[in-house]
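# Chain and residue survey
Single-letter residue listing:
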Amino acid sequence: MVTLNTVWREAAEKLACAGVENARFEAKELVRWVYGLTPEAFLREKDQPVNEKKLKKPLAKRVAGTPLAHILGEWDFYGHTLKVTKDVLIPRADTETLVDVALTVPGTRFLDLCTGSGCVGIALALEREDLHGVLLDVSKPALKIARGNVKRFGLSERLDVLHGDVCRAPDETLGKFDFIVSNPPYITLDEMQELDRSVGFFEPETALYGGVDGFTYYDAILMRWVDCLNPGGIIAMECGYRQAQMLASRMETVGLCEIEIKQDTAGIDRVVLGKWK
């Protein structure tokens, strides 16, 4: 008799041998998904017999490098489960720092640039019922996912999901915002060559690659979009671990003041924010 506990442990061993970080956690999530178990049921039914063949194909996909989020079709971000596909960047815990920062910013109307799955804007709206926002992305497949996630959480009356390119001037009909948040593509050309296969091969390049130096989209946003801020409005952007100081300097160049750099839970400079004079 093969038990739930047995298939979990064997799956964890195979994932570890394949070089998967947090193999035990991923094996548990995969097993729970395959057998339709809640976290509580997983603990309660470890000694129950299961059909091990049901796990074979999804486990093989993960061993081959397919991200767990793509197998599950969803991923947790800021305590909320969002739909994800190969068309959007998988939400990372690092990006939760951007939400933490934005939640402290005054004002009620915000703009989320390069929204992807909509994870940042949705988290903000779920945490603060007074917020209304516009979620914008250039990728139409990503916008389909974002709209689905907005609908999933019943936020359609407070969040608009629109097509737009940050490399072009904003449409004047968007109006003004109290704050802007963005997690734009910022991976440099050299870093793209070093990405883990589970990222570089499976996640959309358009959501990762930020130009040779990683600043293509930062520069476009700072040059074209800060004018969308009300006087005294705040812009906050996620950045790579070596980009914070340069991004802060660029913010000052375009007239932003009171620049701050915020660290993530690992102590890495992760978010840079500034105030529009």
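Preceding this paragraph is the structure being described.
Structure report, in brief. In this text the structure is predicted, and so the values were computed from the model without any measurement. (Residues numbered from 1 in each chain as written. Predicted model: local features only at pLDDT ≥ 70, side-chain atom pairs only at ≥ 80, totals over all residues. Heavy atoms only, no water.)

## So, the overall build of the protein
To keep things clear, this is the line we draw: Secondary structure counts use DSSP, requiring at least four H or I residues in a row for a helix and at least two E residues in a row for a strand, with both numbered from the N terminus. With C-alpha atoms as the basis for the radius of gyration, the globule rule is written as 2.2 Å multiplied by the number of residues raised to the power 0.38. Only protein chains enter the accessibility calculation, which uses a 1.4 Å probe. A residue is then buried if its area is under 20% of the maximum for its type, exposed if over 50%, and partly exposed in between. Contacts were defined at the residue level, with two residues in contact if any of their heavy atoms lie within 4.5 Å. All accessible-area figures derive from a Shrake-Rupley calculation using a 1.4 Å probe, and residue coverage is judged against the displayed protein chains alone. The positive count covers Lys and Arg only, the negative count covers Asp and Glu only, and His and the chain ends enter neither. Think of each charge as sitting on NZ of Lys, CZ of Arg, CG of Asp or CD of Glu.
Secondary structure assignment for the protein yields twelve helices and nine strands. Relative to a compact globule of 277 residues, whose C-alpha radius of gyration would be 19 Å, the protein shows 20 Å and is just as compact. Considered along the principal axes of its C-alpha atoms, the protein spans approximately 70 × 40 × 30 Å. Residues classed as buried in the protein amount to 50% of the 277 residues present. Long-range contacts, defined here as pairs at least 24 residues apart, represent 66% of the contacts in the protein between residues at least 6 apart. For the protein, the exposed surface amounts to about 14,000 Å²; the carbon and sulfur share of it is 50%. Taking the 34 positively charged and 41 negatively charged side chains of the protein as two groups, their mean positions are separated by 7 Å.

## What to know about the packing of aromatic side chains
For clarity, the threshold we go by: Any pair of Phe, Tyr and Trp rings, taking the six-membered ring for Trp, is counted once the centres come within 6.5 Å. Such a pair is stacked with planes under 30 degrees apart, edge-to-face with planes over 60 apart, and tilted for the rest.
For the structure on display, the rule yields six aromatic pairs. Look at Trp8 and Phe42: their rings are 5.5 Å apart centre to centre, the planes differ by 85°, and that puts the pair in the edge-to-face class. One end of the pair, Trp8, is in helix H1 (residues 4–17); the other, Phe42, is in helix H3 (residues 39–44), and 34 residues separate them in sequence. With a relative accessible area of 6%, Trp8 lands in the buried category. Of the residues examined, Phe42 reaches a relative accessible area of 3% and is grouped as buried.

## Re the environment of Val50
Note that Val50 resides in the loop between H3 and helix H4 (53–63). Residues contacting Val50, with those up to four places away along its chain left out, are Val2, Thr3, Leu4, Val7 and Tyr35.

## So, the packing of H1 against helix H2 (residues 23–35)
Basically, it comes down to this: Axis lines are fitted to C-alpha atoms, over the contacting stretch for helices. Their N-to-C directions set the angle, which ranges from 0 to 180 degrees. Orientation labels follow simple angle bins: below 35 degrees gives roughly parallel, above 145 gives roughly antiparallel, 65 to 115 gives roughly perpendicular, and whatever is left gives oblique. Two helices that cross are described as forming a left-handed crossing if the nearer one is turned anticlockwise from the farther one by less than a right angle, and a right-handed crossing if clockwise. Each residue gets one of three labels, nonpolar for Ala, Val, Leu, Ile, Met, Phe, Trp, Tyr, Cys and Pro, charged for Asp, Glu, Lys and Arg, and polar for the others, Gly among them.
Between H1 and H2, whose axes approach to 8 Å, the crossing angle comes to 130°. Judged on the interaxial angle alone, H2 and H1 are oblique. With respect to the hand of their crossing, H1 and H2 are arranged in right-handed fashion. Residues Leu4, Val7, Trp8, Arg9, Ala11, Ala12, Leu15 and Ala16 of H1 form the contact with H2, whose participating residues are Ala23, Arg24, Glu26, Ala27, Lys28, Val31 and Tyr35. Residue classes in the contact of H1 with H2 are distributed as eleven nonpolar, no polar and four charged.

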